[in-house]
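# Residue-level structure breakdown
Listed here are the chains, written in short residue letters.
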Amino acid sequence: MSCLFCKIVSGEIPAKSVYEDADVFAFADINPQAPVHVLVIPRKHVASLAEAVDDAALLGTLMAAAGRIAAENGLAKGYRTVINTGADGGQTVEHLHVHLLGGRAMHWPPG
Ligand code: AMP
Ligand code: ZN
């Protein structure tokens, strides 16, 4: 398996774990864009949101985990969740991930 995030789930590549359960792994982004920048991913390999449209349960689990992690990390003033998909979406790692960004005011529209 050559997928970077699968290697993080397996422990082959180290990451700063933030939250783990049976289906979800969450860890600190290596290049944080906000004081809190966590990536919430499924343990199983799913390439992107485009590959996950038939698994609403998994998508719900990921988003619920992101919201819980936000609360546990004190983001009471709010936060942003982002899923980049494909080339136009700016996806660089081909394993579905929810960015959880917080700890500063976000801007809109995104670039
Ligand atoms: P995206 O551009 O939406 O595919 O996001 C990929 C994210 O993965 C970027 O924010 C990267 O900083 C992050 N990233 C890449 N390699 C690692 C790593 N080894 N550990 C943690 N985060 C990583
Ligand atoms: Zn993977």
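For the structure itself, look to the data block above.
Residues numbered from 1 in each chain as written. Chains lettered and ligands numbered in written order. Predicted model: local features only at pLDDT ≥ 70, side-chain atom pairs only at ≥ 80, totals over all residues. Heavy atoms only, no water.

### Notes on unusual backbone geometry
In this chain, W108 is followed by P109 through a cis amide linkage whose omega measures 5°. Its location among the elements puts P109 in the segment after β5 (98–102). (Helix = DSSP H or I, 4+ residues; strand = E, 2+ residues; numbered from the N terminus.)

### Digging into the pairing of strand β3 (residues 36–42)
Look at any regular strand and the pattern is simple: side chains alternate between the two faces of the sheet. Along β3, seven of the seven residues are buried, which leaves the element largely enclosed by surrounding structure. Pairing of strand β2 (residues 24–28) with β3, which is carried by five bridges, proceeds in the antiparallel orientation. Paired with A28 across the strands is V38, a residue of β3. Examined bridge by bridge, β3 and β5 share five bridges and lie antiparallel to one another. Along β5, the bridge assignment pairs V38 with L100. (Buried < 20%, exposed > 50% of the residue type's maximum accessible area, 1.4 Å probe, protein only. Pairing = 2+ DSSP bridges.)

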